[in-house]
Amino acid sequence: MFEELDYRPSPIGALSLRRRRRSAEGEDIWEIKLDEGYLMSSLFTEGEIALARIALGSLDDRPLDVVVGGLGLGYTAKAVLDHANVASLIVVDAIPEVIEWHRRHLLPLGKELAEDPRCRLVCGNFFEMAARAGELDPEAAGRRFDAILVDIDNSPRSLLHPDNAVFYEVDGLAELADKLADGGVFGLWSTDSPDDEFIARLQTVFGSVESHVVAFENPYQGSPALNTVYVAHKAGG
């Protein structure tokens, strides 16, 4: 019913990759834990998948160069690659062990992501790379993208690290927008309800802004759970 596939001490704490079966006949659930807390679980992926589908579905029919901030279990990246127009994808994650688990095919989507010629997994701090002095493609200075999708923090208010806060302010969002091509889209996943203050900041920077509520079943609480997907388009294009 439970198997620990890998365990690694790391600078941020003890990382554990686990596979757990909900019942004797049920599906496997894949989990990554940091110390005693859960970083991610394959039980809840609807919001991450919707992030890619909603954001990319809002763009014109053309070849798309995409960046995803946050690899995790790979569901956002997989949904990006499932889009017919995607020409290239860079996935940035700060935890090298997570990238290694995908490359070793220890995660169910690892083989597909690691072997897709359109997809490149990059170890780095997405927020530093998205800032004005950074580069989202370490191999191509000044490169701009049609879509930048972010699934790292729990929400603009619930952060994995306090240093990430500047990204969600007007100046940080403006620096991110500089990495987008004209007409490009910024998409953000959040576990919270739509945040009016954050929407106002997005509207200061981007030409159009929408928030989409994604509902899905949570077997542990017996009622639907809600995520939010923010979609913001850069003017032009």
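Residues numbered from 1 in each chain as written. Predicted model: local features only at pLDDT ≥ 70, side-chain atom pairs only at ≥ 80, totals over all residues. Heavy atoms only, no water.

Caption draft 1: Highlighting the pattern of salt bridges. Within the structure shown, the criterion is met by 22 salt bridges. Linking Glu115 and Lys111 is a salt bridge whose minimum nitrogen-to-oxygen distance equals 3.0 Å. A residue pair is termed a helical-turn pair when its members lie 3 or 4 positions apart in one helix, as Glu115 and Lys111 do in helix α4 (residues 110-115) at four residues. We classify Lys111 as partly exposed; its relative accessible area is 46%. A salt bridge links Arg143 to Asp137; the nearest nitrogen and oxygen atoms lie 2.8 Å apart. Accessibility expressed as a relative area gives 23% for Arg143, which makes it partly exposed. (Salt bridge = Lys/Arg side-chain N within 4 Å of Asp/Glu carboxyl O. Helix = DSSP H or I, 4+ residues; strand = E, 2+ residues; numbered from the N terminus. Buried < 20%, exposed > 50% of the residue type's maximum accessible area, 1.4 Å probe, protein only.)

Caption draft 2: Up close: helix α6 (residues 170-177). Among the residues making up α6, those that are buried are Gly172, Leu173, Glu175, Leu176 and Ala177. Elements in contact with the buried residues of α6: α5 (126-130), β8 (145-150), β9 (180-190) and α7 (196-205). (Contact = heavy atoms within 4.5 Å.)

Caption draft 3: Spatial organisation of the nonpolar core. In this structure, Leu56, Val66, Val80, Leu89, Val91 and Leu149 are the most contacted members of the largest nonpolar core, which totals 39 residues. If you tally residues by element for this core, the top one is helix α1 (residues 46-57), at six residues. In this view, Leu56 contacts Leu64, Val66, Val80, His83, Val86 and Ala147; residues no more than four positions away in its chain are not counted. With 27 residues, the next largest nonpolar core counts Leu136, Phe198, Leu202 and Tyr230 among its residues. (Core = buried A, V, L, I, M, F, W, Y, C linked by side-chain atoms within 4.5 Å.)

Caption draft 4: A look at the packing of α6 against α7. Where α6 contacts α7, the two axes come as close as 9 Å, and the packing angle between them is 45°. Between α6 and α7, the angle falls in the class oblique. Relative to α7, α6 is oriented so that their crossing is right-handed. Contacts between α6 and α7 pair Val170, Leu173, Ala174 and Ala177 from the former with Phe198, Arg201, Leu202, Thr204 and Val205 from the latter. Partitioned by chemical class, the residues of the contact of α6 with α7 number seven nonpolar, one polar and one charged. (Axes fitted to C-alpha atoms, helices over the stretch in contact; angles between N-to-C directions. Parallel < 35°, antiparallel > 145°, perpendicular 65-115°, else oblique. Left-handed = near helix turned anticlockwise from the far one by under 90°. Nonpolar A, V, L, I, M, F, W, Y, C, P; charged D, E, K, R; others polar.)

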